[in-house]
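Understanding the architecture of this molecule
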Amino acid sequence: MCVEAPLGSNTRLYRPDGTVVWVNAGSTITYSQGFGVEERKLKLSGEGYFEVTRNKQLPFEITTKELQLKVLGTKFNFRDYPEDHEVVVSLLEGKVGLNNLLREEKEAVLSPDERAVLNKANGLLTVESVTASNASQWTDGYLFFDEELLPDIAKELERSYNVKIHIANDSLKTFRFYGNFVRREQNIQEVLEALASTEKMQYKIEERNITIY
């Protein structure tokens, strides 16, 4: 079975095992007919926030191309859009085990208020302390960028506002930005204006096409 959240919106699912899943814009989750009864495994493309009901007999597993996650019962956010440069898992409650599928290394275990960032280019997985609840703010209609790379922010804005963004200068692609916005109340121009106020970038809007330079 497959559930997809269209651009510009997100979807909430209640699974038979009691687990709640929010699927962010432009994301897809795939799972079997027997999910929650025979096993609890799903595949993710994009971003999801999960509140997993504890079940020792049926561990909860998520697999993407780069990372496999295993939990018993917990709350976490998992972002791995195919076009993003990084995979990011942020843990709010409980514990999760992470297996890096890009390079062979021992399982990484996250504790609450930690996040794992997997660099898709070199396969390096790092764990850092954060306020993990910030990562799930999109479920309440917020856009929160916690020192994210500009190309990944651009993709997030594309999905949230259904626009196309082109970054004209390669030098901008290593810049990171911090920001918090309310998607329902702030339009794409207001978000771009806030990013431009850092004086690291400028932008130009032509209908649904945006150039950052």
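Coordinates for the structure precede this section.
One structure accompanies this document, and this report is about it. All values reported here derive from a predicted model rather than from experimental measurement.

**Observations concerning the environment of E93**
Structurally, E93 can be placed in strand β9 (residues 86-93). In contact with E93, other than residues within four places in its own chain, are T74, K75 and P112.

**Structural notes on the pattern of salt bridges**
Tallying each qualifying case throughout the model produces 13 salt bridges. Across the pair D17 and R40 runs a salt bridge, and its minimum N-O distance is 2.7 Å. Taken together, the residues span a long stretch of sequence, with D17 in the loop between β2 (11-14) and β3 (20-23) and R40 in strand β5 (residues 40-52) at a distance of 23 residues. R40 shares its class with D17; the two are buried. Across the salt bridge formed by E83 and R159, the nearest N and O atoms sit 2.9 Å from each other.

**Thoughts on helix α2 (residues 188-196)**
Within α2, burial applies to I188, V191, L192, L195 and A196. Projected down its long axis, α2 carries its buried residues within an arc of 135°, all on one side. On its buried face, α2 is in contact with β14 (142-149), α1 (150-161), β16 (176-182), β17 (203-206) and β18 (209-212). Measuring from the backbone nitrogen of Q189 back to the side-chain oxygen at the start of α2 gives 3.1 Å, which picks out N187 as the cap.

**Comments concerning the sheet that holds β18**
The sheet built from 3 strands is open, its strands ordered β15-β18-β17 with mixed pairing. Looking at strand neighbours, the two that pair on one side only are β15 (164-167) and β17, the edges of this open sheet. Each adjacent strand pair in this sheet contributes to an overall mean axis angle of 15°, direction not counted.

Thresholds applied
- Residues numbered from 1 in each chain as written.
- Predicted model: local features only at pLDDT ≥ 70, side-chain atom pairs only at ≥ 80, totals over all residues.
- Heavy atoms only, no water.
- Helix = DSSP H or I, 4+ residues; strand = E, 2+ residues; numbered from the N terminus.
- Contact = heavy atoms within 4.5 Å.
- Salt bridge = Lys/Arg side-chain N within 4 Å of Asp/Glu carboxyl O.
- Buried < 20%, exposed > 50% of the residue type's maximum accessible area, 1.4 Å probe, protein only.
- Arc of directions from axis to C-beta.
- Polar contact = N/O pair within 3.5 Å; in protein donor to acceptor, adjacent residues only side chain to side chain.
- Pairing = 2+ DSSP bridges.
- Axes fitted to C-alpha atoms, helices over the stretch in contact; angles between N-to-C directions.

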